[in-house]
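Per-entry structural report
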Amino acid sequence: MKASSLRWSSIVPQGALVVAMVGLTIYRILRASDGDTAKALLFFGGTLVALSGVLLVVVYYYRRAAATGRGLLEVLDGRYPGQAFAIFKTGGLRDDVSTLPVALRGAAWDKWTLYAVVTLDAQSITFWDGSAKKPVVTSRLDRSELRSIEPAHEPALLFKARALKIAVLHDGVMLRVTFSPARTGDWIFSPTTDSFTVLNSTLATSMALPPTT
């Protein structure tokens, strides 16, 4: 299974929408200029400045989100050496966590972050959000209740990233959570196979051990 593939079903419609919007803007500028070259250039210049401003805001937001994710990972790696992994904060992950019993859920997801962290210890699988200054637990699962691990794919930004779908049996109910490991970067995170392999093998030991009594 590949680490990731581009989400063309999402990229193509969005690209077509951008092209259509740019074309419509140019058409309106030409109509408004009434053949006046100077006026047309002024309109084009104003539009270009506005688009550049929007682009700078988007770039700043993504860079800040990546820096926040790296900071959170560094702090948690200090608490759980070698057992803290960056993951995409996908819509699927948030939906899965929202269906968990209240006893397994923690704080609400931070609306300003794009990435999260999962940590492992002898007892728990814990999902974290927030920043280095304020890491918060969004959910915690008991490793002794883990019943299965399956490979999957999960939409993550522009990628369809490799993911792990885990199932835990809690109070007689089977619960499932799917999450996608990510590689940290200066600007944005990308799918990775390394963390996927480590997480898969580490969690597999939970099912090999007898449940605690």
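Residues numbered from 1 in each chain as written. Predicted model: local features only at pLDDT ≥ 70, side-chain atom pairs only at ≥ 80, totals over all residues. Heavy atoms only, no water.

It is worth spelling out the overall build of the chain at this point. Looking only at helices and strands, one finds four helices and 10 strands in the chain. Out of the 213 residues in the chain, the part that is buried amounts to 36%. Looking at the chain alone, contacts between residues at least 24 apart form 60% of all its contacts between residues at least 6 apart. When the accessible surface of the chain is summed, it comes to about 12200 Å², and 62% of that surface belongs to carbon and sulfur atoms. (Helix = DSSP H or I, 4+ residues; strand = E, 2+ residues; numbered from the N terminus. Buried < 20%, exposed > 50% of the residue type's maximum accessible area, 1.4 Å probe, protein only. Contact = heavy atoms within 4.5 Å. Areas by Shrake-Rupley, 256 points an atom, 1.4 Å probe, with all protein chains shown as cover.)

This part is about the pairing of strand β8 (residues 173–179). Note: strand β7 (residues 159–170) against β8, seven bridges, orientation antiparallel. Residue pairing in the sheet places Ile-166 in a bridge with Val-177 of β8. Counting the residues that bridge the hairpin from β7 to β8 gives two residues, and of these Asp-171 lies at a positive phi of roughly 50 degrees. (Pairing = 2+ DSSP bridges.)

A few words now on the nonpolar core. With 24 residues, the main nonpolar core has Phe-127, Leu-141, Ile-166 and Phe-179 as its most contacted residues. By size, the runner-up hydrophobic cluster in this structure holds 17 residues, among which are Ala-84, Ala-86, Tyr-115 and Ala-182. (Core = buried A, V, L, I, M, F, W, Y, C linked by side-chain atoms within 4.5 Å.)

What follows deals with the packing of aromatic side chains. Aromatic ring pairs are described here by two measures, namely the spacing of the ring centres and the angle between the planes. Across all of its chains, the model carries three aromatic pairs by this definition. Ring centres of Tyr-80 and Trp-128 lie 6.3 Å apart, and the angle between their planes is 55 degrees; this geometry places the pair in the tilted category. Pair noted here: Tyr-80 is in the loop between α2 (37–79) and β2 (84–88) and Trp-128 is in strand β4 (residues 124–130), with a separation of 48 residues, a long-range link. Here Tyr-80 matches Trp-128 in class, with each residue buried. On the basis of an interplanar angle of 55 degrees and a centroid distance of 6.0 Å, the ring pair of Phe-88 and Tyr-115 is categorised as tilted. Of the two residues, Phe-88 sits in strand β2 while Tyr-115 sits in strand β3 (residues 115–120), which places them 27 residues apart along the sequence. Look at Phe-88 and you get buried, because its relative accessible area is 2%. Positioned over the ring face of Phe-196 is Arg-162, at 3.8 Å from the centre of the ring. (Phe/Tyr/Trp six-rings, centres within 6.5 Å; stacked < 30°, edge-to-face > 60°. Lys NZ or Arg CZ within 6 Å of the ring centre and 35° of its normal.)

Okay, the side chain of Thr-126 next. Along the chain, the position of Thr-126 falls in strand β4. Thr-126 gets classed as buried once you look at its relative accessible area, which sits at 0%. A polar side-chain atom of Thr-126 sits 2.9 Å from a polar atom in the side chain of Arg-140. Setting aside its immediate chain neighbours within four residues, Thr-126 contacts Val-117, Val-118, Thr-119, Val-137, Ser-139 and Arg-140. (Polar contact = N/O pair within 3.5 Å; in protein donor to acceptor, adjacent residues only side chain to side chain.)

Before going further, it helps to spend a moment on the side chain of Lys-89. For Lys-89, the location among the structural elements is in the loop between β2 and α3 (91–98). The buried category is assigned to Lys-89, whose relative accessible area is 7%. Within polar-contact distance, the side chain of Lys-89 engages the backbone oxygen of Asp-110 at 2.3 Å. Sequence-distant contacts of Lys-89, that is, excluding residues within four places in its chain, are made with Arg-94, Trp-109, Asp-110, Thr-113, Leu-114, Tyr-115, Ala-116 and Asp-129.

Looking now at the sheet that holds β2. Strand order in this open sheet of four strands is β2-β3-β4-β5, and the pairing throughout is antiparallel. Bordering the open sheet on either side are β2 and β5 (135–142), each of which pairs with just one other strand. Shown here is a sheet whose adjacent strand axes are inclined to one another by a mean of 25 degrees, direction ignored. In terms of strand pairing, β3 meets β4 through four bridges, oriented antiparallel. Within β4, the position partnered with Leu-120 by the bridge is Ile-125. (Axes fitted to C-alpha atoms, helices over the stretch in contact; angles between N-to-C directions.)

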